[in-house]
Amino acid sequence: KVNIQELIIFALVLQRSIPLIQMAFSQWGSFQLNIKQIDDIYLFLKSFKKPNYPSVKRVIEKQIEFKNIFFKEVIKDVNFKINPGDKIALVGDSGSGKTTLAMMIAGIIKHTAGTIYIDNKKLTNSNAKEYMKYLSSTSFCSYKPYITRGNLLKNITLRNNVNKIDEKKVKNITKALDIHKYWNKADLSSMSGGEKQRVAIARVLYKKSKLVILDEI
């Protein structure tokens, strides 16, 4: 048997729980979307065979060509070429696929149809050498750059082996971008959004990439 006091307590607890339940349901859709994106990235990386080459030439010598490129319902039959020295702007309405196309150019996500040529060579799942050469020649700067645990030096070089880092070069870059004040800090969580973007730009300057993609920077 349930008495009136227990019913009142249950009603009060249920009433206060409703906002939490609503919040949980509202976040569930976002969680499922993120899981799907993680699955897509995993399958994309899994589709490429691990290269067995002693070294990869870090250069795109001639041209990048996207031919009849599709990506789900976002990118449809896109064609363009990028030659050395070109500066290209992707212009369009919000939600038109600019970031998706930028990530495809950077090699972060894979097209669902069409062909990509690097220096007139078709980029395929089995051609790991060309794919690794392409990735090593590109840098992608997101408007929401990731900041890893560690100091500014590690965040810019993304290397743990300090013996392979040109520390003087990194210092000069941080001074030029006005983020050198964080040099001796072990935690960069206090950085503003703009300062985090400068860290992403510093990575590009340090890497000397042949192809740089800036997403709303």
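Residues numbered from 1 in each chain as written. Predicted model: local features only at pLDDT ≥ 70, side-chain atom pairs only at ≥ 80, totals over all residues. Heavy atoms only, no water.

Caption draft 1: Just the nonpolar core, in detail. Ranked by size, the top nonpolar core spans 18 residues in total, and within it Ile64, Phe66, Met104, Ile105, Tyr134 and Leu211 carry the most contacts. Contributions of two or more residues to this core are made by strand 1 (64-71), strand 2 (75-82), helix 2 (98-106), strand 3 (113-118) and strand 6 (211-214). When residues in this core are grouped by element, the largest group, five residues, is from helix 2. If near-sequence neighbours (up to four positions away) are discounted, Met104 is found in contact with Phe66, Ile69, Phe70, Phe71, Ile75, Ile109, His111 and Tyr134. Among the nonpolar cores identified, the runner-up in size contains 15 residues, and Leu153, Ile173, Val199 and Tyr206 belong to it. (Core = buried A, V, L, I, M, F, W, Y, C linked by side-chain atoms within 4.5 Å. Buried < 20%, exposed > 50% of the residue type's maximum accessible area, 1.4 Å probe, protein only. Helix = DSSP H or I, 4+ residues; strand = E, 2+ residues; numbered from the N terminus. Contact = heavy atoms within 4.5 Å.)

Caption draft 2: Structural detail: helix 5 (residues 167-176). Those residues of helix 5 lying buried are Val170, Ile173 and Thr174. Each buried residue of helix 5 lies within a common arc of 100 degrees when the element is viewed along its axis, so the set occupies one face. Among the exposed residues of helix 5, those pointing more than 90 degrees away from its buried face are Lys168, Lys175 and Ala176. For helix 5, the secondary structure elements touched by its buried residues are helix 4 (152-157) and helix 6 (193-207). (Arc of directions from axis to C-beta.)

Caption draft 3: Layout of the environment of Leu90. Position of Leu90 among the secondary structure elements: in the loop between strand 2 and helix 2. C-alpha separation for the pair Leu90 and Asp215, spaced 125 residues apart in sequence, amounts to 9.3 Å. Among all residues touching Leu90, those that are not within four sequence positions of it are Lys98, Leu101 and Ala102.

Caption draft 4: Structural view of the pattern of salt bridges. Counted by the stated rule, this structure contains three salt bridges. Ionic pairing is found between Lys76 and Glu73, a salt bridge with its closest N-O pair at 3.7 Å. Considered together, Lys76 and Glu73 belong to a single accessibility category, that of exposed residues. Glu195 is the partner of Lys181 in a salt bridge, and the nearest nitrogen-oxygen pair spans 3.3 Å. Pair noted here: Lys181 is in the loop between helix 5 and helix 6 and Glu195 is in helix 6, with a separation of 14 residues, a long-range link. (Salt bridge = Lys/Arg side-chain N within 4 Å of Asp/Glu carboxyl O.)

Caption draft 5: Just the pairing of strand 2, in detail. Here strand 1 runs beside strand 2; their pairing, made up of five bridges, is antiparallel. Its bridge partner being in strand 2, Ile64 is matched across the sheet by Ile82. In sequence, strand 1 turns back onto strand 2 through a hairpin of three residues, with Lys72 there showing a positive phi of about 50 degrees. (Pairing = 2+ DSSP bridges.)

Caption draft 6: Representation of the packing of aromatic side chains in the model. Applying the stated criterion across every chain, the model contains one aromatic pair. On the basis of an interplanar angle of 20 degrees and a centroid distance of 4.7 Å, the ring pair of Phe66 and Phe80 is categorised as stacked. One end of the pair, Phe66, is in strand 1; the other, Phe80, is in strand 2, with 14 residues separating them in the sequence. For Phe66, a relative accessible area of 1% gives the class buried. The ring of Tyr206 carries Lys169 above its face, with NZ or CZ at 5.1 Å from the centroid. Above the plane of the ring of Tyr146 lies Arg203, whose end atom (NZ or CZ) is 4.4 Å from the centre. (Phe/Tyr/Trp six-rings, centres within 6.5 Å; stacked < 30°, edge-to-face > 60°. Lys NZ or Arg CZ within 6 Å of the ring centre and 35° of its normal.)

The values are spatial; any link to function lies outside them.
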